[in-house]
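# An overview of the molecular structure
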Amino acid sequence: MISHISIKDFAVIKNAEVDFFDGLNMITGETGAGKSIVIEAISLALGSRADTTFIRTGQEKAVVQLACTKDGEEYVLTRELSAAGRNICRINGEMVSLSQLKDFCKDLVDVHGQYDHQSLLDPENHIKLIDLFNKESIQPLKDSVADAYGKYSEAKHSLDSLLAAQRDDARQRDFMQYEHEEIQKAALTPGEDSDLTERINILQNSEKIYESLAGAYEALSGSTGESYNATDLVGNSLDPLRQISGYSENLSDIEKRLSETFYELQDLAEEIRIAKDSVVFNPQELNDSLARLDLIDSLKAKYGSSIEEILAYDEKITEKLGFLEDSEGKKRELEEEVRKTGEHLQKCSEELSALRKETAKALTDKMQEELAGLNFENAVLGVDFSRKNEYSIEGFDKVEFMISTNKGEELKPLAKIASGGEMSRIMLAFKKTAGANDNIPTMIFDEIDSGISGVTASVVGRNLLELSTDHQIICITHLPQIAAFGQTNYRISKSSDDSATYTSVDLLDDEEKVRVIARLTGGMDITEKTLENARELIEGAMTK
């Protein structure tokens, strides 16, 4: 709710401080006194359109501050307009953007009149009024629709994603298949490239290897004339050592080590011989090995820096190719899921729509009674139902209230009616009829008394008072029959001097309230009779 507003240099208001209270706050004043300026200031603080023409003549800036309570927390909203065109918004002193301010205030106050906080003008809000009117029955169906819509959306998203993937992957299918076949045809083995490199090195140097192995073998075990080879020389040195090895541990150790060397030389000589005999220069093998290594290198250039990476890449595309084959089956499953969840969503949405149409009939019937008491005796209210192009979490209904305020006129969209006063009274009827569950704490009505008087005005006042049991109401009126219902009353008055005009807002005590209503009733001349009439009017408003 709104607890206080501070207005400085705004329009004709130089400096005004106004406290607002729970219940019905009624603002009255003479024509031209600037009653609507207070509502303009409130609307500005809530994030409405800013204009430098709001700045009081001769001043550099206008500042409006609004103290309010939201969700149990206290806030101060500040809107500052400068003649230079700067527009500053703050919440509790912290600067925010205009959109942030509007978002903060969207569930705080409804301003009804000729201003831009008229939620009833937006057809998107009409369905909410129907749902609020029969919330107990409609909410379970809305929950069912929301659950069905969630499942349908999930299945639809999965199918759309699969189809998109199929479209993208299909363009790559042939290329991936070619890559897979090329890798598979190569029949690669991990480590094969290292083995090939070594084998090619041997084949390319086979003559040198043979000659070196032959020379080494000849030196170890061969025979060249009368000279001895290394193995024979070591063997010949063993006989004299064996004859003396028993004389000391040292000699025995020497003989043992030399004996081991002799046998090791024999083994080495045999291994060298085998290696020498196996050296064969095969040009075809060399060519085949070189070609094979070239193939592996070409695959590395395409698919990875090693055979292991090439095989890993092949595994990846094999899996993807398999997915493409399996995706047709998955596609059929998802199409069936979309069909089933779509049918269930349609069924739930149709049930919700049917209940809404029943509720709309009951709501309009009750609204007819409320409107008749608000000087709309000939008004006819209807609800136009149409279907959205797509399902939503709210179902498929598009709802717009239609109205005819005069006999013989066709029903037209509610937002098209011209009078702000008519709109305010229609909103009042809606709030009385369907707004019990409305969580907007403060409602402001301007021009609610346009075109009415007498008994109708009293009915409007009574409705406002009843509505104020659940909402804070701030109402501007020039009719004494409505002002009499105020639980807190204010007077807006205008004065001027030689240089400027000033508007002030004053909180009235009980006696001042009587005098103000007496003036509204009897004009400038306040007599005992008009005062008595005012007291009777207030007493009647408070007791009926």
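In this report, the structure presented in the accompanying data block is examined. Note that the coordinates shown come from a computational prediction; the quantities given were computed from them, not determined experimentally.

## Some remarks on the pairing of strand β2 (residues 13–19)
Bridge count between strand β1 (residues 2–10) and β2: 6 bridges; the pairing is antiparallel. When the sheet's bridge partners are listed, isoleucine 5 is paired in β2 with valine 18. Counted between consecutive antiparallel strands, the loop separating β1 from β2 contains 2 residues, among which alanine 11 sits at a positive phi close to 55°.

## Points about the packing of aromatic side chains
Under the definition given, this model contains 7 aromatic pairs. Where tyrosine 391 meets phenylalanine 396, the ring centres are 6.1 Å apart and the plane angle is 65°; that geometry is what we call edge-to-face. What makes tyrosine 391 partly exposed here is its relative accessible area of 23%. Take phenylalanine 396: its relative accessible area is 5%, and that puts it in the buried class.

## Section: a negative patch on the surface
Taken together, the side chains of Asp71, Glu73, Glu74 and Asp107 make up a negatively charged region of the molecular surface. Inspection of the secondary structure assignment puts glutamate 73 in strand β5 (residues 73–82).

## Structural notes on the side chain of serine 289
Note that serine 289 resides in helix α9 (residues 283–303). Contacts of serine 289, omitting those with residues within four sequence positions, involve Leu196, Arg199, Ile200 and Leu203.

## Observations concerning the sheet that holds strand β4 (residues 61–70)
Strand order across the open sheet formed by 6 strands is β2-β1-β4-β5-β6-β7, with antiparallel pairing between neighbours. Single-partner strands in this sheet number two, and they are β2 and β7 (94–96). Between one strand axis and the next, the sheet turns by 15° as a mean value, whatever way the strands run. Sheet topology note: the β5/strand β6 (residues 87–91) ladder contains 5 bridges and is antiparallel. If you follow threonine 78 over to β6, its bridge partner there is arginine 90. Each of β1, β2, β4 and β5 is contacted by helix α1 (residues 35–45), which is oriented at about 105° to β1, the strand it contacts most. Across the face of the sheet, helix α2 (residues 98–105) comes into contact with β4, β5, β6 and β7 while running at roughly 140° to β5.

## Details of the pattern of salt bridges
Any two side chains of opposite charge can pair, so long as their charged atoms come close to each other. Across all of its chains, the model carries 24 salt bridges by this definition. Between aspartate 131 and lysine 142 there is a salt bridge, with its nearest N and O atoms 3.2 Å apart. Taken together, the positions of aspartate 131 in helix α3 (residues 126–133) and lysine 142 in helix α4 (residues 135–186) put the pair 11 residues apart, joining distant regions of the chain. Judged by its relative accessible area of 7%, aspartate 131 is buried.

## Topic: the nonpolar core
Ranked by internal contacts, the top residues of the largest apolar core, which has 62 residues, are Leu414, Ile426, Phe430, Phe445, Leu464 and Ile482. The element contributing the most residues to this core is helix α10 (residues 307–372), with 10 residues. Each residue touching leucine 464, except ones within four places of it in the same chain, is listed here: Leu24, Leu428, Phe445, Ile448, Ile473, Cys475 and Ile482. Ile39, Phe54, Val64 and Ile474 belong to the second-largest nonpolar core, a separate cluster that totals 40 residues.

Criteria and cut-off values
- Residues numbered from 1 in each chain as written.
- Predicted model: local features only at pLDDT ≥ 70, side-chain atom pairs only at ≥ 80, totals over all residues.
- Heavy atoms only, no water.
- Pairing = 2+ DSSP bridges.
- Helix = DSSP H or I, 4+ residues; strand = E, 2+ residues; numbered from the N terminus.
- Phe/Tyr/Trp six-rings, centres within 6.5 Å; stacked < 30°, edge-to-face > 60°.
- Buried < 20%, exposed > 50% of the residue type's maximum accessible area, 1.4 Å probe, protein only.
- Patch = residues over 30% accessible without salt bridge, like charges linked within 9 Å, V, L, I, M, F, W, Y side chains within 5 Å.
- Areas by Shrake-Rupley, 256 points an atom, 1.4 Å probe, with all protein chains shown as cover.
- Salt bridge = Lys/Arg side-chain N within 4 Å of Asp/Glu carboxyl O.
- Lys, Arg positive; Asp, Glu negative; His and termini not counted.
- Charge placed at Lys NZ, Arg CZ, Asp CG, Glu CD.
- Contact = heavy atoms within 4.5 Å.
- Axes fitted to C-alpha atoms, helices over the stretch in contact; angles between N-to-C directions.
- Core = buried A, V, L, I, M, F, W, Y, C linked by side-chain atoms within 4.5 Å.

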